[in-house]
Amino acid sequence: MEFHSGTAEDVRFVVSQISLEVKNWFAYDAVPWNNFNHAYGPGSDVPDLLEQARTGDERSSDEALSKLSGRLLQQGTSSAAGALAIPFLVRIVVALPFHRAGILRVIAGLARRQYFGDGSRIGLLRAARADDRIVFEPSGYLANWSVQAAREALAADADLLLPLLDDFDPEVRQASAYALAAVPNRPASVADCLRARFQDEENPAVRACLVLAIGQLAWEERHPGTIDQMCAWWQDSNQPAEVRVCAALAWLCLTDGPVPNNLRAFLELSATDDLAPLLESTPWLDHIVDGGLRRCLDQMFHPDKYPHFTSFLD
């Protein structure tokens, strides 16, 4: 595929060439949809569905978004056509009065590798990386390129999503944090807004999402300041339980080496029947089947039991 890099067959290149005018005016015809596939074939049907989602009533919009989700993000797997759709989905979610959390989750899913079931230290906060193992979409297209293109598209329009961190709906605040966490290269504006929202946030589930989002933004470069912050948060008995547990999970993902005994004991004691359902409602943990939080902890504490995750990522 390398000889296609930087050409009209490279979705990363194509996404980078979509102008602001095309995005803002929903000029779908300027985008080569037919050259890139989703789960069911060429993306030529995507513009009509986007427009139905944007202009239809609540029921019609919901129908279109359901189809878009199934085609662009089939079983959690991104697609090249999905990367092309992100600039328009971002503008739709900003303007639409309904279905906003669902759209944000689709955007977030398109901007990260398929990771269903993976709650490991290597995988929980990993959106994608240039040296990830090569993965192909059902069409044969390089999925790595699709995810990279989606992340760059999201980064280009992240400023449009930042106000949603203050939305009145806590599910929108959760989903916007999840989407913004996939922005590459840890831009200061995103990290600062997540931290500012955290200071004012009163909803426990949203607080949990904000902590994990802050951790994920720091994952690729292992930002030292964030590592120190996560360590301080999980050890601070004045912080709510969901903040301490998510900070501990993030710290484990941002560091290497054995799990400290005091951290292990804290997490095992904290995975209660009260806290687990709250954390398992967050986008990071709701995909971990057969155990949720406890399954995540087992993967982090006993990675040798889950070699398929390590082998998939390295």
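Above this text sits the structure in question.
How each quantity is defined
- Residues numbered from 1 in each chain as written.
- Predicted model: local features only at pLDDT ≥ 70, side-chain atom pairs only at ≥ 80, totals over all residues.
- Heavy atoms only, no water.
- Phe/Tyr/Trp six-rings, centres within 6.5 Å; stacked < 30°, edge-to-face > 60°.
- Helix = DSSP H or I, 4+ residues; strand = E, 2+ residues; numbered from the N terminus.
- Buried < 20%, exposed > 50% of the residue type's maximum accessible area, 1.4 Å probe, protein only.
- Lys NZ or Arg CZ within 6 Å of the ring centre and 35° of its normal.
- Salt bridge = Lys/Arg side-chain N within 4 Å of Asp/Glu carboxyl O.
- Expected span 1.5 Å × (residues − 1).
- Polar contact = N/O pair within 3.5 Å; in protein donor to acceptor, adjacent residues only side chain to side chain.

For the coordinates displayed, the defined rule picks out nine aromatic pairs. Their ring planes at 35 degrees and their centres at 5.5 Å tell us that Trp 234 and Phe 266 sit as a pair that is tilted. Here Trp 234 is found in helix α12 (residues 224-235), whereas its partner Phe 266 is found in helix α14 (residues 261-270), with 32 residues between them in sequence. On the basis of relative accessibility, which here comes to 7%, the residue Trp 234 falls in the buried class. Here Arg 54 stacks its cationic end above the ring of Phe 26, 4.1 Å away from the centre of that ring. Arg 264 extends its terminal NZ or CZ atom over the ring of Phe 301, reaching a point 4.7 Å from the ring centre.

This paragraph deals with the pattern of salt bridges. Following the criterion strictly, the structure yields 16 salt bridges and no others. The closest approach of N and O atoms between Asp 10 and Arg 12, which form a salt bridge, is 3.0 Å. Relative accessible area serves as the criterion here: at 24%, Arg 12 is assigned to the partly exposed category. Residue Arg 54 pairs with Glu 51 through a salt bridge whose shortest N-O separation is 2.9 Å. Of this pair, Arg 54 and Glu 51 both sit in helix α3 (residues 46-55), separated by three residues, roughly a single helical turn. A single network of salt bridges, built from pairs that share partners, joins Asp 166, Arg 173, Arg 197 and Glu 201.

Since one α-helical turn is 3.6 residues long, residues separated by three or four positions face the same way. In this model, helix α11 (residues 204-217) (14 residues) spans 20 Å end to end at C-alpha, consistent with the 20 Å of a helix rising 1.5 Å per residue. Of all 14 residues that make up α11, 13 are buried, and the element is covered over most of its length. Capping the start of α11 is the job of one residue whose side-chain oxygen sits 3.0 Å from the backbone nitrogen of Ala 205: Asn 203.

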